[in-house]
Amino acid sequence: MVNRVLMWAAASPKLQRQVTQNPIARRAAHRFVAGARLEEALEAAAELNSRGIGSILDLLGEGVEDLSGVGHAMAEYEEATQAIAAQGLDSTISIKLSQLGQTVDRDACVANLRRVLDGAQAVGVRVEIDMEDSTLVPDTLELFRGAATAHPQTRLAIQAMLRRTPVDLEALAPLKPRVRLVKGAYAEPVQLAHHGKNEIRAQFKFLTDWLFRHGADPAFGTHDDELIAYARKAAVEAGKGPQEFEFQFLYGIRRDLQRELVDNGHRVRVYVPFGSAWYPYLTRRMAERPANLLFFLRALVGR
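Residues numbered from 1 in each chain as written. Predicted model: local features only at pLDDT ≥ 70, side-chain atom pairs only at ≥ 80, totals over all residues. Heavy atoms only, no water.

**Considerations on the overall build of the protein chain**
In plain terms, the rule: Under the DSSP-based scheme used, a helix requires at least four consecutive residues in state H or I and a strand at least two consecutive residues in state E, with every element numbered from the N terminus. Residue exposure (1.4 Å probe, protein chains only): buried if accessible area is under 20% of the type maximum, exposed if over 50%, otherwise partly exposed. Working rule for contacts: check all heavy atoms of both residues, and any pair within 4.5 Å makes them a contact. Using the Shrake-Rupley algorithm and a 1.4 Å probe, accessible areas are obtained, with residue cover drawn only from the displayed protein chains.
Tallying secondary structure elements over the protein chain gives 13 helices and 8 strands in all. Counting all 303 residues of the protein chain, 53% fall into the buried class. Put simply, of all contacts in the protein chain between residues at least 6 apart along the chain, 73% involve residues at least 24 apart. When the accessible surface of the protein chain is totalled, it reaches about 13,500 Å², and 54% of it is carbon and sulfur.

**Some thoughts on the environment of Lys205**
Note on placement: Lys205 falls in helix H9 (residues 197-214). Placed 22 residues apart in sequence, Lys205 and Leu227 show a C-alpha to C-alpha distance of 7.0 Å. Other than its neighbours up to four places away in sequence, Lys205 contacts Glu226, Leu227 and Tyr230.

**Re the nonpolar core**
Stated precisely, the cut-off is as follows: In these notes, a set of buried Ala, Val, Leu, Ile, Met, Phe, Trp, Tyr and Cys residues joined through side-chain atoms within 4.5 Å is what counts as a nonpolar core.
The biggest cluster of nonpolar side chains holds 72 residues, and the ones touching the most others in it are Leu57, Ile95, Leu113, Phe220 and Val272. No other element matches the 7 residues that helix H5 (residues 67-87) contributes to this core. When sequence neighbours within four positions are dropped, the list of residues in contact with Leu113 reads Ile95, Leu97, Leu100, Ile129, Leu143 and Ala147. Counting 6 residues, the second-largest nonpolar core is a separate cluster that includes Leu250, Ile253, Tyr271 and Leu282.

**Some words on the pairing of strand S8 (residues 267-274)**
For a regular strand, side-chain orientation follows a simple rule: the groups alternate between the two sheet faces. What counts, and what does not: One bridge is not enough; two strands pair if DSSP finds at least two bridges between them. For crossovers, right-handed means that the path from the first strand over the helix to the second runs clockwise, given strands pointing away from the viewer.
Counting buried residues in S8 gives 8 out of 8 residues, a clear majority hidden from the surface. Pairing analysis gives 6 bridges linking strand S1 (residues 54-59) to S8, with the strands arranged parallel. Directly across from Asp58, in S8, lies its bridge partner Pro273. For strand S7 (residues 246-250) and S8, the ladder comprises 5 bridges, and the chain directions are parallel. Bridge pairing in S8 places Phe247 opposite Val268. This β-α-β element, S7 to helix H11 (residues 255-263) to S8, shows right-handed connectivity.

**Regarding the sheet that holds strand S6 (residues 219-221)**
Test applied: Every axis corresponds to a line fitted to the C-alpha atoms, with the helix fit spanning only the stretch in contact, and the corresponding angles, defined between N-to-C directions, vary from 0 to 180 degrees.
Strand order in this closed barrel of 8 strands is S1-S2-S3-S4-S5-S6-S7-S8, and the pairing throughout is parallel. Taken pair by pair, the neighbouring strands of this sheet meet at an average axis angle of 25°, ignoring direction. Two elements, strand S5 (residues 178-182) and S6, share 3 bridges in a ladder whose sense is parallel. Pairing of Arg180 across the sheet is with Ala219, part of S6.

**Examining the side chain of His266**
Using the following cut-off: Whenever two N or O atoms come within 3.5 Å, that pair is a polar contact, provided that in protein one can donate a hydrogen and the other can accept it, and provided that, for residues adjacent in sequence, both atoms are side-chain atoms.
Inspection of the secondary structure assignment puts His266 in the loop between H11 and S8. Among the polar contacts listed, one links the side chain of His266 to the side chain of Arg232, at a separation of 3.2 Å. Leaving out residues up to four positions away in the same chain, His266 has contacts with Arg232, Pro242, Gln243, Phe245, Phe247 and Leu261.

**Concerning H9**
So the rule is basically this: Any helix carries an expected span of 1.5 Å times its number of residues minus one.
In this model, H9 (18 residues) spans 25 Å end to end at C-alpha, consistent with the 26 Å of a helix rising 1.5 Å per residue. Within H9, the full set of buried residues consists of Ile200, Arg201, Gln203, Phe204, Leu207, Thr208, Trp210, Leu211 and Phe212. Against helix H8 (165-172), S5, S6 and helix H10 (225-237) lie the buried residues of H9.

**Looking at unusual backbone geometry**
Positive phi is not limited to glycine here, since Lys176 has a value of about 45°. One non-glycine residue, Arg254, adopts positive backbone phi at about 55°. Note that Arg254 resides in the loop between S7 and H11.

**Side note on the pattern of salt bridges**
As a reminder, the rule being used: Salt bridges are counted wherever a side-chain nitrogen of Lys or Arg sits within 4 Å of a carboxyl oxygen of Asp or Glu.
Here the structure, examined in full by the defined rule, presents 27 salt bridges. For the salt bridge of Glu78 with Arg115, the shortest nitrogen-to-oxygen distance reads 2.6 Å. Of this pair, Glu78 sits in helix H5 while Arg115 sits in helix H6 (residues 106-122); the two residues are 37 residues apart in sequence, bridging distant segments of the chain. Across the pair Asp130 and Lys96 runs a salt bridge whose closest N-O atoms are separated by 3.5 Å. In this pair, Asp130 sits in the loop between strand S3 (127-129) and helix H7 (137-150) while Lys96 sits in the loop between strand S2 (91-95) and H6, placing the two residues 34 residues apart along the sequence. By relative accessible area, Asp130 is classed as buried at 6%. For Lys96, a relative accessible area of 6% translates into the label buried. Salt bridges linked by common partners bring Asp58, Asp90, Lys96, Glu128, Asp130, Arg155, Arg178, Arg180, Asp217, Glu246, Arg267 and Arg269 together as one network.

These figures capture arrangement, not role.
Here it is in structure tokens:
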């Protein structure tokens, strides 16, 4: 019930206006979103680095509807890439293909993706491609395939909840893909996605084993203690050391666990979102893991 309400809230323009105009809610959101400006995300990345934790800079907003919006996103991505390199930060950038024009002008999207990847490679910054809703999955996989051929360090987010994911990964196996495995945070019909917690966990574990066998430098984006413990055990069984894979967390969540993993020699990276379009992001994160709602409510009352 909580999940359904939160997914409804994420898609409600009226509720979005009410929440984003509330100064208390904006302050509470700051725990989970670095800020509206790139400079704030860079400051958050530097602070994480000081604690031995890497970052992933993520420009919020998706579903760009015109080329002017694409141009704005491109400028932000390129500025972020140059700033990371100039400041010597341990950070990647995460891009959404819909922001590059995927649903507006696919040819432009292909050219923009190449431009981002070439620019990042030139200054030694790695790029991660987000996976969006199921309607964009087939094309995103195709674009990743082309990108990974020329830029093998590119990483792709893969959603464990989607029923098609095991088949998709098998198709990518010849590339030995770099993958960020996440549960998934979009409202998908039951025909396309597992909805039960146990089902999603089971598929996440199956895919974890697959990535250790067939992937390269896998990353596991989860706050679930059971799935983190499973990945650590699977790594040992696959003969992988703690520096041969990565745990990824959302900004502001499970800081205690981040510290514990770093202290035990694991690589940890935190997804640092920035930008004005924080409301849909925040509500989807709470729907993905309703326990995140408790974190937000505590932040809302200053605890």
